[in-house]
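# Coordinate analysis (summary)
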Amino acid sequence: GIFSLWKELLCGEAWLKLAHDGYMIASILMMSVFGVVTAYFLREFSSITKEMCGAVVIVLTALIEWMFRFSDASLQGVLAVVASAIATLLFATHPLQAKASEDRLPDARPEAQREVELEEVNPQLRDS
């Protein structure tokens, strides 16, 4: 009951035990940083950027696990990493930015400058 919760998690002995476990402290710190970064991403970035960050996390998590834990890479894991890496590389070509530049609002240049450029393209405009 409540006494076992106190004994296992909240008493001074449990905190001393935690203080000597470097991996647990590192895990707590990393999860805290991860939470702050995630909150920032959720507040500041668009949905597409959030998904791209998720793809990068998939790739980095798998690579770190394979390198430092020497775990076997399954076919599904390799395919997930490859798909995420390809998606990240494809997005790096800025496909949405190119589309947005085609749908731009009318030119903000002065009227006289636009007329000069139109005359260069179509000399008949000079006569009118």
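Look above for the structure.
Every value quoted in this text rests on a predicted model; they were computed, and no experiment measured them.

Rules and cut-offs
- Residues numbered from 1 in each chain as written.
- Predicted model: local features only at pLDDT ≥ 70, side-chain atom pairs only at ≥ 80, totals over all residues.
- Heavy atoms only, no water.
- 1 Å grid on protein atoms, 1.4 Å probe; cavity = no way out; pocket = protein on both sides within 12 Å on 5 of 7 lines; lining within 4 Å.
- Points joined across faces, edges and corners; volume = space filled by probe spheres on them.
- Helix = DSSP H or I, 4+ residues; strand = E, 2+ residues; numbered from the N terminus.
- Nonpolar A, V, L, I, M, F, W, Y, C, P; charged D, E, K, R; others polar.
- Contact = heavy atoms within 4.5 Å.
- Salt bridge = Lys/Arg side-chain N within 4 Å of Asp/Glu carboxyl O.
- Buried < 20%, exposed > 50% of the residue type's maximum accessible area, 1.4 Å probe, protein only.

### Here's the deal with the layout of surface pockets
- Size it by volume and the largest pocket reaches roughly 580 Å³.
- Residue lining of the largest pocket: 17 residues in total, with M30, M31, F34, V57 and T61 positioned closest to the centre.
- Of all the secondary-structure elements, those providing two or more residues to the lining of the largest pocket are α3 (22-44) and α4 (47-68).
- Among the elements that make up the lining of the largest pocket, the one with the highest residue count is α3 (nine residues).
- Residue classes in the lining of the largest pocket are distributed as 12 nonpolar, four polar and one charged.
- Its volume calculated, the second largest pocket comes out at about 160 Å³.
- Surrounding the second largest pocket, K7, E8, C11, E13, A14 and K17 form its lining.
- When residues of the lining of the second largest pocket are traced back to their parent elements, those giving at least two are α1 (2-10) and α2 (12-19).
- Per-element tally for the lining of the second largest pocket: the top contributor is α2, with three residues.
- The residue inventory of the lining of the second largest pocket, partitioned by class, reads two nonpolar, no polar and four charged.

### Overview of the side chain of S84
- Following the sequence through the fold, S84 ends up in helix α5 (residues 75-91).
- Discounting chain neighbours no more than four positions away, the residues touching S84 are A55, I58 and V59.

### Focus: the pattern of salt bridges
- Applying the stated criterion across every chain yields a total of one salt bridge.
- Residue R43 pairs with E44 through a salt bridge whose shortest N-O separation is 2.7 Å.
- Residue E44 is classed as partly exposed on the basis of its relative accessible area, which comes to 40%.

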